[in-house]
Amino acid sequence: MTYVQAVREATAQEMARDDRVFVMGQGVDDFKGMYGTTAGLAEQFGRERVFDLPLSEEGTTGVAVGAALAGLRPIHTHIRMDFLLLAMNQIVNIAAKSRYMFGGRVRVPLVIRAVIGRGWGQGAQHSQGLHSMFMHVPGLRVVAPATPYDAKGLLIQSIRDDNPVIFIEHRLLYGRQSHVPEELYTVPFGRARILAAGDDVTLVGISHAVVECLRAQRTLSQHGISAEVIDAVSLSPLDTETLAASVRKTGRLLVVDTAWTFCGASAEIVAAVAEALGGGVPFAFQRMGFAPVVCPTSKPLEKLFYPNPQTIARAAHRLVRPKAPDLQVDSAESPEIAEFKGPF
Amino acid sequence: MLDRNFYRQLYRIRRVEEELVRLYPTDQITSPIHLSIGQEAVSVGVCEALRPSDVVFGTYRSHAYYLAKGGDLRGMIAELYGKATGVAQGKAGSMHLADPDHGVMGASAVVASTIPQAVGYALAMKMRREDRVVVVFFGDGATEEGVFYESLNFAALRSLPILFICENNSYAIHSPLSSRQASPDICRKAEAMGLLAERLETLDIYELYARTCRRVTELRAGRTAPVLIECLCYRWKEHVGPGEDFAAGYRSAGECRAWQQADVLVTVGSRLNAAVRQEIEQSVEEEIREAFAFAQCSPFPAGNELYTDLYA
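Residues numbered from 1 in each chain as written. Chains lettered and ligands numbered in written order. Predicted model: local features only at pLDDT ≥ 70, side-chain atom pairs only at ≥ 80, totals over all residues. Heavy atoms only, no water.

### Topic: the overall build of chain B
The test is simple: Under the DSSP-based scheme used, a helix requires at least four consecutive residues in state H or I and a strand at least two consecutive residues in state E, with every element numbered from the N terminus. Between the two quantities, the radius of gyration covers C-alpha atoms and the globule rule is 2.2 Å times the number of residues to the power 0.38. It only takes one pair of heavy atoms within 4.5 Å for two residues to be counted as in contact. We get accessible surface area from the Shrake-Rupley algorithm with a probe of 1.4 Å; when it comes to residues, only the shown protein chains can shield them. A residue counts as positive if it is Lys or Arg and as negative if it is Asp or Glu; His and the chain ends are not included. Note that the charge is assigned to NZ on lysines, CZ on arginines, CG on aspartates and CD on glutamates.
Tallying secondary structure elements over chain B gives 11 helices and eight strands in all. Its C-alpha atoms give chain B a radius of gyration of 19 Å, within 12% of the compact-globule value 20 Å for 312 residues. Within chain B, contacts between residues at least 6 apart in sequence are counted, and of these 73% link residues at least 24 apart. Working note: accessible area of chain B is about 12,000 Å², and carbon and sulfur atoms make up 51% of it. Counting 33 positive and 40 negative side-chain charges, chain B places the centres of these two groups 4 Å from one another.

### Considering the environment of A192(B)
Residue and element names in this part refer to chain B. Applied cut-off: Under the scheme applied here, a residue whose accessible area is under 20% of the maximum for its type counts as buried, over 50% as exposed, and between as partly exposed, the area being computed with a 1.4 Å probe on protein chains only.
Here A192 lies in helix α7 (residues 186-192). Taking relative accessible area as the criterion, A192 reaches 65% and is therefore assigned exposed. The spatial distance from the C-alpha of A192 to the C-alpha of A112 is 19 Å, given a sequence separation of 80 residues.

### Overview of the pattern of salt bridges
The condition that has to hold: Put simply, a salt bridge is a Lys or Arg side-chain nitrogen that is within 4 Å of an Asp or Glu carboxyl oxygen.
In this structure the tally under the stated criterion is 47 salt bridges over all chains. Among the ionic pairs, D101(B) bridges to R105(A), the shortest N-O distance being 3.0 Å. Within this pair, whereas D101(B) is found in the loop between α4 (73-80) and β2 (104-108), its partner R105(A) is found in the loop between α5 (98-101) and β4 (111-116), the two belonging to separate chains. The class of D101(B) is exposed, set by a relative accessible area of 64%.

### A closer look at the domain arrangement of chain A
Residue and element names in this part refer to chain A. Definition in use: Residue ranges assigned to the domains are those given by an automatic or database domain assignment. Put simply, buried area is how much 1.4 Å-probe accessible surface two parts lose in total, over both of them, once they are put together.
For chain A, the assigned domains are domain 1 (3-173) and domain 2 (193-320). For domain 1 and domain 2, the distance between their C-alpha centres works out to 26 Å. Listed as interface residues are 29 residues of domain 1 and, on the opposing side, 28 residues of domain 2. Carbon and sulfur atoms make up 60% of the area that domain 1 and domain 2 hide from each other, which totals about 2,200 Å². The three residues of domain 1 that bury the most area against domain 2 are R118, H131 and M135, which together make up 25% of that side's buried surface. In this assembly, domain 1 and domain 2 are joined by one salt bridge. Between D150 and R193 there is a salt bridge, with the nearest N and O atoms lying 2.7 Å from each other.

### Regarding the pairing of strand β4 (residues 162-168) of chain B
Residue and element names in this part refer to chain B. To keep things clear, this is the line we draw: We call two strands paired when DSSP finds no fewer than two bridges between them.
Most of β4 sits out of view: seven of its seven residues are buried. Residues I162, F164, C166 and N168 line one face of β4 and the alternating positions L163, I165 and E167 line the opposite face, and both faces are buried. Of the pairings in the sheet, the one linking strand β3 (residues 134-139) to β4 comprises six bridges and is parallel in character. When the sheet's bridge partners are listed, V134 is paired in β4 with I162.

### Some words on the interface of chain B and chain A
The criterion, for reference: Polar contact is defined as a pair of N or O atoms within 3.5 Å, subject to the rule that within protein one atom must be able to donate a hydrogen and the other to accept it, and that residues adjacent in sequence are counted only when both atoms are side-chain atoms. Side-chain classes follow a simple rule in which Ala, Val, Leu, Ile, Met, Phe, Trp, Tyr, Cys and Pro form the nonpolar group, Asp, Glu, Lys and Arg form the charged group, and the remainder, Gly included, forms the polar group.
Taken residue by residue, the interface counts 40 residues in chain B and 39 residues in chain A. Roughly 3,300 Å² of surface becomes buried between chain B and chain A when both sides are summed, with 62% attributable to carbon and sulfur atoms. Broken down residue by residue, the surface that chain B buries against chain A is led by M127(B), Y311(B) and A312(B), which jointly contribute 20%. The partner of R105(A) in a salt bridge is D99(B), with the nearest N and O atoms 2.7 Å apart. Across the contact surface, chain B and chain A share 17 residue pairs in polar contact (both at pLDDT 80 or more). Elements with a contribution of two residues or more to the side of chain B that touches chain A: β2, α5 (115-127) and α6 (146-157) of chain B. No other element matches the eight residues that α5(B) contributes to the side of chain B that touches chain A. Counted by class, the side of chain B that touches chain A contains 22 nonpolar, nine polar and nine charged residues.

### Description of the side chain of S43(B)
All names here are of chain B. With respect to the secondary-structure elements, S43 resides in helix α2 (residues 40-47). In this structure the side chain of S43 is engaged in a polar contact, spanning 3.2 Å, whose partner is the backbone nitrogen of Y65. Sequence-distant contacts of S43, defined by excluding residues within four places in its chain, comprise A64, Y65, A68 and F137.

### Remarks on the sheet that holds strand β8 (residues 227-232) of chain B
Residue and element names in this part refer to chain B. Here is the rule: Helix axes use the C-alpha atoms of the stretch in contact, all axes being lines fitted to C-alpha atoms, and the angles between their N-to-C directions lie in the range 0 to 180 degrees.
Strand order in this open sheet of six strands is β2-β1-β3-β4-β8-β7, and the pairing throughout is parallel. Two strands lie at the open edges of the sheet, namely β2 and β7 (196-200), each paired on one side alone. Within the sheet, the average angular offset between the axes of one strand and its neighbour, ignoring direction, is 15°. Taken together, the three bridges between strand β1 (residues 55-59) and β3 define a ladder with parallel strand orientation.

### Details of the sheet that holds strand β7 (residues 193-196) of chain A
Residue and element names in this part refer to chain A. The sheet built from five strands is open, its strands ordered β7-β9-β8-β11-β12 with mixed pairing. Where the open sheet ends on each side, the last strands, each with one partner, are β7 and β12 (284-288). Taking each pair of neighbouring strands and ignoring which way they run, the sheet shows an average axis angle of 20°. When strand β8 (residues 201-205) meets strand β9 (residues 227-231), the two strands line up parallel, connected through five bridges. Residue pairing in the sheet places L203 in a bridge with V229 of β9. On top of the sheet, helix α8 (residues 209-222) reaches β7, β8, β9 and β11 (252-256); it is set at about 155° to β8, its chief contact.

### Overview of α5(B)
Residue and element names in this part refer to chain B. Applicable threshold: Working rule for helices: expected span equals 1.5 Å times residues minus one.
With 13 residues, α5 should cover 18 Å at 1.5 Å per step; its first-to-last C-alpha distance of 19 Å lies within 8% of that length. Burial within α5 is extensive, with 12 of its 13 residues counted as buried. The complete set of buried residues in α5 reads I115, P116, Q117, A118, V119, G120, Y121, A122, L123, A124, M125 and M127. Of the residues flanking the end of α5, it is R129, one or two places downstream, whose phi is positive at about 55°.

### Remarks on the state of the cysteines
A covalent bond between the sulfur atoms of two cysteines is what we call a disulfide. Selection criterion: By convention in this document, the label disulfide applies to cysteine sulfur atom pairs within 2.5 Å.
In this structure the tally under the stated criterion is zero disulfides over all chains. A disulfide-free cysteine, C166(B) has its sulfur positioned 7.9 Å from the sulfur of C231(B), the nearest such atom.

### With respect to the pairing of β9(A)
Residue and element names in this part refer to chain A. Burial analysis of β9 places five of its five residues in the buried class, the great majority of the element. Burial along β9 is two-sided: A227, V229 and D231 and E228 and I230, pointing in opposite directions, are all buried. Sheet analysis places β7 next to β9, joined by three bridges and oriented antiparallel. Across the sheet, residue A196 finds its bridge partner in β9, namely V229.

Pasting the structure below:
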């Protein structure tokens with residue numbers, strides 16, 4: 001099953017199970033159905049539970065929060081994460097704080113689905129990974145599943161949770177396939193997933209970067225380096241325990257984010273691991289992410305903007321063998337990037 | 001009966017806030033307060049027309065609608081004192097007062113922020129086919145925020161059971177409406193978004209009550225588009241805090257005097273005989289004394305409370 005199908009199935013099954021669940025978002029009931037993730041849901045559950053929205057991100061986020069305060073369980077969708085910046089007031093000032101500032105007397109069971117774009121010149125405002133902004137705010141949960149299995153299980157978990165969840169998807173993950181059980185299941189918050197075991201270096205990936213880390217891991221193994229690849233999955237809460245245990249074993253940490261590094265999730269992960277290890281375990285580390293500039297549209301520049309399996313493998317190799325010459329690897333473009341074609 | 005209810009509510013809110021004015025200099029309340037003195041009639045006239053199961057949302061100028069809707073007085077005063085017995089165990093203060101058990105949803109310190117939540121709450125009521133309504137209170141300043149228009153559009157688009165009450169007191173902190181809006185006709189803007197809108201030029205609590213009753217009945221029955229009522233009113237105290245600020249120069253005491261001479265509390269009181277008035281006043285004074293004593297002798301929250309209720 002693809003990532004798209006996993007998200008759709010989780011939504012449909014939860015809507016069938018719980019009539020408080022509904023979906024609102026721009027174009028969720030149109031012929032494209034949010035890349036297919038909401039396709040057919042309006043026909044299946046009626047337009048009262050699956051409906052289009054005006055282009056009013058702050059207002060409609062507030063509407064979702066209000067419906068959640070009233071006991072419903074909205075799923076609010078955004079075809080690009082960049083638009084969440086228009087809703088920051090409602091997310092940060094209201095959704096994240098309502099329960100605490102009203103003394104625990106209300107709940108905000110809200111899921112905000114947001115898609116990170118990449119490729120075909122998405123450019124400055126259709127490509128941002130803004131998760132660290134939300135990780136900074138107590139009261140929110142932030143997840144970025146990279147596999148269809150986790151997408152389904154975590155979406156179900158997020159819908160059932162009584163707190164606001166920022167559920168981050170990546171456009172280039174949508175076509176990925178994995179085994180996804182047909183039945184309902186949940187994946188807990190705060191649990192990272194070890195995708196490949198290894199002893200020499202820990203590669204932590206976030207969202208689409210996980211896929212690139214797995215490719216780098218295969219390259220590294222051809223050069224006799226055993227990399228442990230961990231999908232962070234849940235960014236807030238963060239599974240520091242799993243990450244620290246891996247670094248304790250490997251002594252080396254490379255965090256690859258689908259975002260900038262400065263004040264980013266990668267900084268938090270390195271700090272959290274260092275604190276967890278208590279200074280008693282020195283480890284070498286590096287962070288990788290977007291180049292510290294605005295995402296350009298021109299293809300050659302866009303390519304340089306992102307880490308790729310070659311740059312990741314080279315960085316990991318340097319951590320493991322700091323004195324060896326740089327790893328030479330051929331620079332094949334990852335298929336989902338090479339094959340991705342617009343217009344959107 | 002209406003006169004008695006109005007008088008009791010108006011007197012209660014006025015006296016609670018006068019007590020806050022009296023006690024604020026003692027620094028027992030260590031958070032901002034925005035007083036409603038002079039504007040109480042808007043909350044009272046509207047909330048008297050509501051059922052206990054109806055829901056109100058509001059602003060940081062929260063005391064009047066909170067009390068008028070039935071919010072717990074002891075829990076409110078204790079909340080202002082930052083005590084564990086407060087409605088939010090000392091985590092809300094005056095600016096985020098809420099008592100969901102009595103249909104008082106939270107207030108926000110960020111202008112206009114609660115308006116879309118009120119709309120969302122009304123959406124939930126409509127989806128569940130309830131006959132409840134939502135009322136949201138906000139000031140003239142809120143009508144300059146983009147989310148105000150977004151919310152009105154959505155409410156009208158979905159024909160939601162919601163009444164928007166704009167308390168137009170002419171000032172956003174110290175800035176007059178004329179320095180903020182090129183076209184200060186708030187009702188016309190609401191109409192342009194698809195709402196029904198009407199303005200009350202004078203603070204006539206009976207007229208406001210009658211209009212609210214009519215509108216709310218129609219909203220419950222799903223017979224009308226959402227409604228906005230603009231109520232002209234005047235804030236007697238400074239924007240935040242217990243004092244007066246006529247010496248600051250941005251407005252004059254004379255401007256306020258006209259409103260004070262038409263004090264709704266006095267108007268309503270004059271319709272009751274002295275004995276009835278006295279009986280109401282005595283019972284309210286007793287309740288207020290008790291509430292402040294309760295707040296003062298309540299404990300502060302324990303240190304571990306810092307970490308509770310962040311997540312459900």
